[in-house]
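Notes for the structure review
What follows is each chain in one-letter form.
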Amino acid sequence: MSDYYYMLFLSIVMVIGSIAIIMYYYKKQKKQGSSYKMPMKERFIIITFTLFSVICFIYSIRYLPTVILNQTEEFKGKCDVFIFEGVKSEGGLQVEFKKKIIGFSRQGYSEDQDGTYYCEVKYYRNSDIGKSLKIYDLHNHTLVKPK
């Protein structure tokens, strides 16, 4: 869950940064008049960064009402669990049902615990953001604990 808030915060900072950069170049052009020409490379970088910032912001903001109102749905059944390493973070955990893929932070599980299990998952409605996860052994339904 903290991953969601981190991404939301980062996207807001990026949008504010984009606005600040655009304002800086606007004031610079206004100050120097029509003689100032922004290099094409800088123009491309600013446009690309702004588009990326806005896309990240829209992606993260669309789930905000669901997260704030705590609107969850539940999925139970046979699932495949994939655990992966992060480059600079603890990595992630992905739970795949036949019709739904839900992502979580790693929650202490190790990569050798990949496999097929029985899962009970709560996730935020209309998203792939998981809220709570219980993983059970497929055969004897005992709770699988993180290593």
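Residues numbered from 1 in each chain as written. Predicted model: local features only at pLDDT ≥ 70, side-chain atom pairs only at ≥ 80, totals over all residues. Heavy atoms only, no water.

1. Re the pairing of strand S5 (residues 130-136)
With six bridges connecting them, strand S4 (residues 115-124) and S5 associate as antiparallel partners. Bridge pairing links cysteine 119 to isoleucine 135 in S5. Linking S4 back to S5 in an antiparallel pair, the connection comprises five residues, with asparagine 126 at a positive phi of about 60°. (Pairing = 2+ DSSP bridges. Helix = DSSP H or I, 4+ residues; strand = E, 2+ residues; numbered from the N terminus.)

2. Considerations on the state of the cysteines
In total, this model carries one disulfide according to the counting rule given. Put simply, cysteine 79 and cysteine 119 are joined by a disulfide, and their sulfur atoms are 1.8 Å apart. Of the two residues, cysteine 79 is situated in strand S1 (residues 72-84) and cysteine 119 in strand S4; the sequence distance between them amounts to 40 residues. (Disulfide = S-S within 2.5 Å.)

3. A look at the pattern of salt bridges
The full count for this structure, using the stated rule, is one salt bridge. Here glutamate 74 and lysine 76 are joined by a salt bridge, their closest N and O atoms 3.6 Å apart. Overall, the relative accessible area of 45% leaves glutamate 74 in the partly exposed class. (Salt bridge = Lys/Arg side-chain N within 4 Å of Asp/Glu carboxyl O. Buried < 20%, exposed > 50% of the residue type's maximum accessible area, 1.4 Å probe, protein only.)

4. Side note on helix H1 (residues 2-32)
Here H1 spans 45 Å end to end across 31 residues, near enough to the 45 Å set by a 1.5 Å rise per residue. Looking only at H1, the buried set comprises Tyr4, Leu8, Ser11, Met14, Val15, Ser18 and Tyr25. Of the residues trailing H1, glycine 33 is marked for its positive phi of about 80°. (Expected span 1.5 Å × (residues − 1).)

5. A look at the packing of aromatic side chains
For the structure shown, the criterion picks out six aromatic pairs. Note on tyrosine 4 and tyrosine 5: the rings are 5.5 Å apart at their centroids and 65° apart in plane angle, and the pair reads as edge-to-face. On the basis of relative accessibility, which here comes to 42%, the residue tyrosine 5 falls in the partly exposed class. Ring geometry for tyrosine 24 versus tyrosine 25: centroids 5.1 Å apart, planes at 80°, classification edge-to-face. By the ring-pair criterion, three or more aromatic residues cluster together here, those being Phe75, Phe97 and Tyr123. (Phe/Tyr/Trp six-rings, centres within 6.5 Å; stacked < 30°, edge-to-face > 60°.)

6. Some remarks on the sheet that holds S4
A sheet is described by the order of its strands in space; here five strands give the open sequence S3-S2-S1-S4-S5, paired in antiparallel fashion. Looking at the sheet topology across the chains shown, the edges are occupied by strand S3 (101-105) and S5. Ignoring which end each strand starts from, the neighbouring axes of this sheet average 40° apart. (Axes fitted to C-alpha atoms, helices over the stretch in contact; angles between N-to-C directions.)

7. Description of unusual backbone geometry
Notably, asparagine 126 is not glycine yet its phi reads approximately 60°, a positive angle. Along the polypeptide, asparagine 126 turns up in the loop between S4 and S5. The phi torsion at histidine 141 lies on the positive side, around 55°, for a residue other than glycine. With respect to the element layout, histidine 141 can be found in the segment after S5.

8. Digging into the environment of serine 2
In this structure, serine 2 sits in helix H1. Judged by its relative accessible area of 55%, serine 2 is exposed. Linking serine 2 and serine 105, residues 103 residues apart in sequence, is a C-alpha distance of 8.5 Å.

9. Regarding the nonpolar core
For soluble globular proteins, the rule of thumb is that nonpolar side chains tend to be buried together. Core analysis: the largest hydrophobic core is formed by 16 residues, its most contacted members being Val81, Leu93, Val95, Cys119, Val121 and Ile135. Looking at this core, the elements that each hand over two or more residues are S1, strand S2 (92-96), S3, S4 and S5. If you tally residues by element for this core, the top one is S4, at four residues. In this structure, leucine 93 is in contact with Val81, Phe82, Ile83, Phe84, Ile102, Gly103, Phe104, Ser105, Arg106, Tyr109 and Leu133, ignoring residues within four places of it in sequence. Formed by seven residues, the second largest nonpolar core is a distinct cluster that contains Leu8, Leu64, Val67 and Tyr124. (Core = buried A, V, L, I, M, F, W, Y, C linked by side-chain atoms within 4.5 Å. Contact = heavy atoms within 4.5 Å.)

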